[in-house]
Amino acid sequence: MTRNERREQLIDVARALFAERGLDGTSVEEIASHAGVSKPVIYEHFGGKEGLYAVVVDREVRTLHDAIHAAITTPKATPRTLIELGTLALLDYIDDHPNGFRILSRDSSATSPEGSFATILSDVASRVEDLLADEFTKRSLNPASAPLYSQMLVGLVGLAGQWWMDTRDELGLAKPVMAAHLVNLAWYGMRNLRPDPKLLTHPPENA
């Protein structure tokens with residue numbers, strides 16, 4: 001193998017192991033054994049397990065980010081179409097890069113807000129804010145609440161995507177069906193927003 005070919009091979013092997021076992025559960029010895037090389041080869045290319053992991057994560061982050069960014073910046077798309085395209089972009093990534101998604105979603109637990117997947121979703125939500133603010137203004141809703149709704153909307157799709165990856169084979173839930181249900185909840189929920197929502201179980205704070 002050339003140096004670049006060997007590097008790519010190590011990344012592919014490590015991605016599969018990290019997805020299955022996590023960073024802490026994967027050793028340099030295991031990566032070297034699966035790749036058919038000695039440990040020094042990994043250190044030569046990446047400086048160690050953590051360096052190799054960082055390269056794997058960076059690639060997956062860029063792949064997912066670019067896919068979602070391209071979807072939600074489609075010219076002249078309606079808000080509903082953008083929700084569909086963004087949802088399908090995430091589900092396509094899960095479908096095409098299951099090991100990468102396992103790595104990213106594992107790193108973004110509620111206790112690690114800096115996790116890669118959480119960071120991507122937060123970035124997507126910030127882009128969705130402007131779209132929602134414009135739509136809210138057209139419907140006489142308060143555009144200042146757009147950041148809150150964008151976080152909820154993107155979080156809904158992201159968490160549902162994780163669930164779909166784990167259960168799709170068991171439930172036989174095809175990607176277009178999953179996307180349609182997500183868009184159904186997100187879009188029609190957004191269309192029926194109230195300008196001044198209130199809880200039924202708690203009195204208003206100023207009462």
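Residues numbered from 1 in each chain as written. Predicted model: local features only at pLDDT ≥ 70, side-chain atom pairs only at ≥ 80, totals over all residues. Heavy atoms only, no water.

If you check an unreviewed UniProt entry, the chain appears there as TetR family transcriptional regulator from Propionicimonas paludicola.

Q: What am I meant to see in the overall build of the chain here?
A: Helices and strands together make up the secondary structure of the chain, namely nine helices and zero strands. Helices (α) and strands (β) of the chain occur, in sequence order from the N terminus, as α-α-α-α-α-α-α-α-α. Looking at the 207 residues of the chain, the share that counts as buried comes to 40%. A sequence separation of at least 24 residues applies to 64% of the contacts in the chain between residues at least 6 apart. Carbon and sulfur atoms make up 54% of the accessible area of the chain, which amounts to about 11800 Å² in all. Of the side chains in the chain, 21 bear a positive and 28 a negative charge, and the two mean positions are spaced by 3 Å. (Helix = DSSP H or I, 4+ residues; strand = E, 2+ residues; numbered from the N terminus. Buried < 20%, exposed > 50% of the residue type's maximum accessible area, 1.4 Å probe, protein only. Contact = heavy atoms within 4.5 Å. Areas by Shrake-Rupley, 256 points an atom, 1.4 Å probe, with all protein chains shown as cover. Lys, Arg positive; Asp, Glu negative; His and termini not counted. Charge placed at Lys NZ, Arg CZ, Asp CG, Glu CD.)

Q: It is not clear to me how the packing of helix α5 (residues 79-96) against helix α9 (residues 175-191) should be interpreted in this structure. Could you clarify?
A: When two helices pack together, you describe them by how their axes are tilted relative to each other and by the distance separating the axes. α9 packs onto α5 with a crossing angle of 140 degrees between their chain directions and a minimal axis gap of 9 Å. Read as a crossing pair, α5 and α9 show a hand that is right-handed. Of the residues in α9, those in contact with Pro-79, Arg-80, Ile-83, Glu-84, Thr-87, Leu-88, Leu-91, Asp-92 and Asp-95 of α5 are Lys-175, Met-178, Ala-179, Leu-182, Val-183, Ala-186, Trp-187 and Tyr-188. Here the contact of α5 with α9 is composed, by residue class, of eleven nonpolar, one polar and five charged. (Axes fitted to C-alpha atoms, helices over the stretch in contact; angles between N-to-C directions. Left-handed = near helix turned anticlockwise from the far one by under 90°. Nonpolar A, V, L, I, M, F, W, Y, C, P; charged D, E, K, R; others polar.)

Q: Quick question: what am I supposed to make of the UniProt feature "DNA-binding region" (unreviewed entry) in the chain here?
A: According to UniProt, the "DNA-binding region" (unreviewed entry) feature falls on residues 27-46. As annotated, residues 27-46 comprises 80% helix and 0% strand, and the C-alpha atoms at either end are separated by 14 Å. (UniProt positions renumbered as here; feature names shortened; annotations may be inferred.)

Q: Explain the nonpolar core here, please?
A: As a rule of thumb, soluble globular proteins bury nonpolar side chains together. Counting 58 residues, the largest nonpolar core has Phe-18, Ile-31, Leu-52 and Leu-64 as the members making the most contacts within it. Residues in contact with Leu-52, not counting those within four places in the same chain, are Leu-10, Ile-11, Ala-14, Phe-18, Ile-31, Ile-42 and Phe-46. (Core = buried A, V, L, I, M, F, W, Y, C linked by side-chain atoms within 4.5 Å.)

Q: What should I look at first to understand the side chain of Lys-49 in this one?
A: Looking at where Lys-49 falls in the secondary structure, it is placed in helix α4 (residues 49-72). Buried charged residue Lys-49 carries no salt bridge. Nearest counter-charge: Glu-50, at 4.6 Å. Here Thr-26 takes part through its backbone oxygen, which lies 2.9 Å from a polar atom of the side chain of Lys-49. Not counting chain neighbours up to four residues away, the residues in contact with Lys-49 comprise Phe-18, Leu-23, Asp-24, Thr-26, Ser-27, Val-28 and Ile-31. (Salt bridge = Lys/Arg side-chain N within 4 Å of Asp/Glu carboxyl O. Polar contact = N/O pair within 3.5 Å; in protein donor to acceptor, adjacent residues only side chain to side chain.)

Q: Can you help me understand α9 in this one?
A: An α-helical turn contains 3.6 residues, so any two residues separated by three or four positions project in the same direction. Between its first and last C-alpha, α9 extends 24 Å over 17 residues, near the 24 Å set by a 1.5 Å rise per residue. For α9, the complete set of buried residues consists of Lys-175, Met-178, Ala-179, Leu-182, Val-183, Ala-186, Trp-187 and Met-190. Seen from one end, α9 has its buried residues packed into an arc of 140 degrees, which puts them on one side. Residues of α9 that are exposed and point more than 90 degrees away from the buried face comprise His-181 and Leu-185. (Expected span 1.5 Å × (residues − 1). Arc of directions from axis to C-beta.)

Q: Mind showing me how you'd approach the pattern of salt bridges here?
A: With the rule as written, the count across this model stands at 14 salt bridges. For Glu-20, the salt bridge goes to Arg-21, with nearest N and O atoms at 4.0 Å. Look at Glu-20 and you get exposed, because its relative accessible area is 59%. Several salt bridges converge on common partners, so that one network encompasses Asp-92, Asp-95, Arg-168 and Lys-175.

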